[in-house]
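# Residue-level structural notes
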Amino acid sequence: MIGLVLGAVLGSGLYGAEKSMQIDSRTRKRYAKAFAMEQEAHRLVEAKKQAADNAMKKLSNRKRSILITSMQNFVAVYSKNRRKYLPVIRRTFLNMPAIQRSLR
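The structure presented is a predicted model; accordingly, all values stated were derived computationally and were not measured. (Residues numbered from 1 in each chain as written. Predicted model: local features only at pLDDT ≥ 70, side-chain atom pairs only at ≥ 80, totals over all residues. Heavy atoms only, no water.)

## Quick word on the overall build of the chain
Within the chain, the regular secondary structure consists of three helices and zero strands. For the chain, the succession of helices and strands along the chain, N to C, is α-α-α. Split by element, the accessible area of the chain, about 9,800 Å² in all, is 64% carbon and sulfur. (Helix = DSSP H or I, 4+ residues; strand = E, 2+ residues; numbered from the N terminus. Areas by Shrake-Rupley, 256 points an atom, 1.4 Å probe, with all protein chains shown as cover.)

Here it is as structure tokens:
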């Protein structure tokens, strides 16, 4: 009788330990999957950030080139017809609020 009770207690303990190990194994798999997903998310964020930075650099280079070309064309035309365009330029640029603030 005592052997039967001891066997039942020992069997119950082993069953509980096995169940605990299964739960632990599933938990580790879930943590590993969550960690992998987190790493992938960080990688994707960095890739998108790099793509956005490259797009902004490309855009700024285009804008700078357009501005330089426009200014060169403006200077070329202005230098040829300085007397003709000077009153127009003064009226246009001096009436801009940002320029008025900077002249104060």
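Now that the structure is up, let's keep going.
## A short note on the pattern of salt bridges
Within this structure, the stated rule accounts for three salt bridges. Of the charged contacts, one joins aspartate 24 and arginine 28 as a salt bridge, the two residues approaching to 3.1 Å between their closest N and O atoms. In this pair, aspartate 24 and arginine 28 both sit in helix H1 (residues 2-80), four residues apart, roughly one turn of the helix. Residue classification places aspartate 24 among the partly exposed positions, given a relative accessible area of 35%. The salt bridge partner of arginine 43 is glutamate 40, with a shortest N-O separation of 2.5 Å. Pair noted here: arginine 43 and glutamate 40 are both in helix H1, with a separation of three residues, about one helical turn. (Salt bridge = Lys/Arg side-chain N within 4 Å of Asp/Glu carboxyl O. Buried < 20%, exposed > 50% of the residue type's maximum accessible area, 1.4 Å probe, protein only.)

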